[in-house]
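# Close look at the chain arrangement
Listed here are the chains, written in short residue letters.
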Amino acid sequence: MNTPDFHAIAARFDTQEVTAIALMGSFARNDAGAFSDVDIVRFHRRTDTRQVESATYFIYGALVVVSDVVPSQVEDWFTKPEQATTYIAGLRSARALSDEDDYFRAIQARAHQFVWDEAMQQKANAYASSQMVGWIEEVHKGLEGLRRCDNGRLINARHGLSWGLTEVMRVQKGILISGDNSSYLAVTAALGERSEWVRLSRKSFAIDGDVSLPDQVRAGLKLYVLTVEQLAEVFKPEERSLIKETVNRINVEL
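All of these numbers come straight from a predicted model, not from anything done at the bench.

### Side note on the overall build of the chain
The number of helices and strands found in the chain is 12 helices and five strands. Oriented by its inertia axes, the alpha-carbon framework of the chain measures out at about 60 × 40 × 30 Å. Here the chain holds 254 residues, and 45% of them are scored as buried. Considering only intrachain contacts with a sequence separation of at least 6, the fraction spanning at least 24 residues in the chain is 64%. As displayed, the chain offers around 13100 Å² of accessible surface, 48% of which is attributable to carbon and sulfur atoms. Placing the 29 positive and 35 negative side-chain charges of the chain at their respective mean positions leaves the two points 5 Å apart.

The following block contains the structure:
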């Protein structure tokens, strides 16, 4: 595999508004494969509320994804648990391709100094509580899908009862991932490969063999119940009753 010329790629996207450009992802970690994309992040000094915008290109035969980031978004990476678990590790391994006034260097130094403290844990607990309420709709889709043998509902339910619950655990446990591809493995390693949570999770993803869609959803519903049991102490009082009633409905139906 030919390594792309990252500096030449970055030069194509350098403008007066950009104060730093960094290479992130698998190429920055030196574990890229033949079909890995080149993750280029452009940092802007201006302050606004715009969300990350991405554009995709083929350059020198490589798939290049360019994202724009503003200071408010960088701050979110360090103050919101769902953002911190997603970006901090990636920042630590990133490579600056251009860096006016050491702007990115300061961000990367902050990432290396980042500590998951009690204040962040409290935010993570609140996030987990809200997400478990948010996935109640998928629980109901799963239960109704099983009742009707409705694959449409089951497919929708499966996402929340697999990836959704994985994200809940990743954030609540403060698991910093190096990239999207490592997310699931990082969570299962932290929870224990032989744990009941991982066993049900693997079944909900149909990792270990031919598992029917209904059985994937049934495993996901049981995984919801187990996740509630493991995180019972972190739920907000105003959300606990909703979560508890959801567990009761799962237990009655299964």
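### As for the nonpolar core
Formed by 34 residues in total, the largest nonpolar core has its most connected members in Met 132, Leu 161, Trp 197, Val 217, Leu 221 and Tyr 224. Ranked by the residues each element gives to this core, the list is headed by helix α11 (residues 213–230), at nine residues. Core analysis: the next-biggest nonpolar cluster, separate from the first, contains 19 residues, Ala 84, Ala 94, Phe 104 and Ile 107 among them.

### A short note on the packing of helix α4 (residues 81–93) against helix α5 (residues 103–113)
When two helices pack together, their arrangement is captured by the angle between the axes and the distance separating the axes. Taken N-terminus to C-terminus, the directions of α4 and α5 make an angle of 120°; their axes are 8 Å apart at the nearest point. Regarding the angle of α4 to α5, the classification is oblique. The handedness of the crossing between α4 and α5 comes out as left-handed. The residues of α5 that touch α4, namely those facing Ile 88, Leu 91, Arg 92 and Ser 93, are Phe 104, Ile 107, Gln 108, Ala 111 and His 112. Its residues placed into classes, the contact of α4 with α5 shows five nonpolar, three polar and one charged.

### Details of α5
When α5 is considered as a whole, its buried residues turn out to be Tyr 103, Phe 104, Ile 107, Gln 108 and Ala 111. Take α5 and look down its axis: the buried residues cluster within an arc of 130°, on one side only. In α5, the exposed residues that point more than 90 degrees away from the buried face are Arg 105 and Gln 113. Those residues of α5 hidden inside the fold are in contact with β1 (18–24), β2 (38–44), α3 (71–79), α4 and β5 (95–99).

### A short note on the pairing of strand β4 (residues 62–69)
The buried count for β4 comes to seven of eight residues, which makes it a mostly enclosed element. Two strands pair when backbone bridges link them, and β2 and β4 are joined in this way by six bridges, in the parallel orientation. Across the sheet, the residue bridging to Arg 42 is Asp 68, located in β4.

### Things to note about the environment of Gln 108
Within the secondary structure, Gln 108 sits in helix α5. For Gln 108, a relative accessible area of 17% puts it in the buried group. Apart from the residues lying within four places of it in its own chain, the contact partners of Gln 108 are Leu 91, Arg 92, Ser 93 and Ala 94.

Quick notes on the rules
Residues numbered from 1 in each chain as written. Predicted model: local features only at pLDDT ≥ 70, side-chain atom pairs only at ≥ 80, totals over all residues. Heavy atoms only, no water. Helix = DSSP H or I, 4+ residues; strand = E, 2+ residues; numbered from the N terminus. Buried < 20%, exposed > 50% of the residue type's maximum accessible area, 1.4 Å probe, protein only. Contact = heavy atoms within 4.5 Å. Areas by Shrake-Rupley, 256 points an atom, 1.4 Å probe, with all protein chains shown as cover. Lys, Arg positive; Asp, Glu negative; His and termini not counted. Charge placed at Lys NZ, Arg CZ, Asp CG, Glu CD. Core = buried A, V, L, I, M, F, W, Y, C linked by side-chain atoms within 4.5 Å. Axes fitted to C-alpha atoms, helices over the stretch in contact; angles between N-to-C directions. Parallel < 35°, antiparallel > 145°, perpendicular 65-115°, else oblique. Left-handed = near helix turned anticlockwise from the far one by under 90°. Nonpolar A, V, L, I, M, F, W, Y, C, P; charged D, E, K, R; others polar. Arc of directions from axis to C-beta. Pairing = 2+ DSSP bridges.

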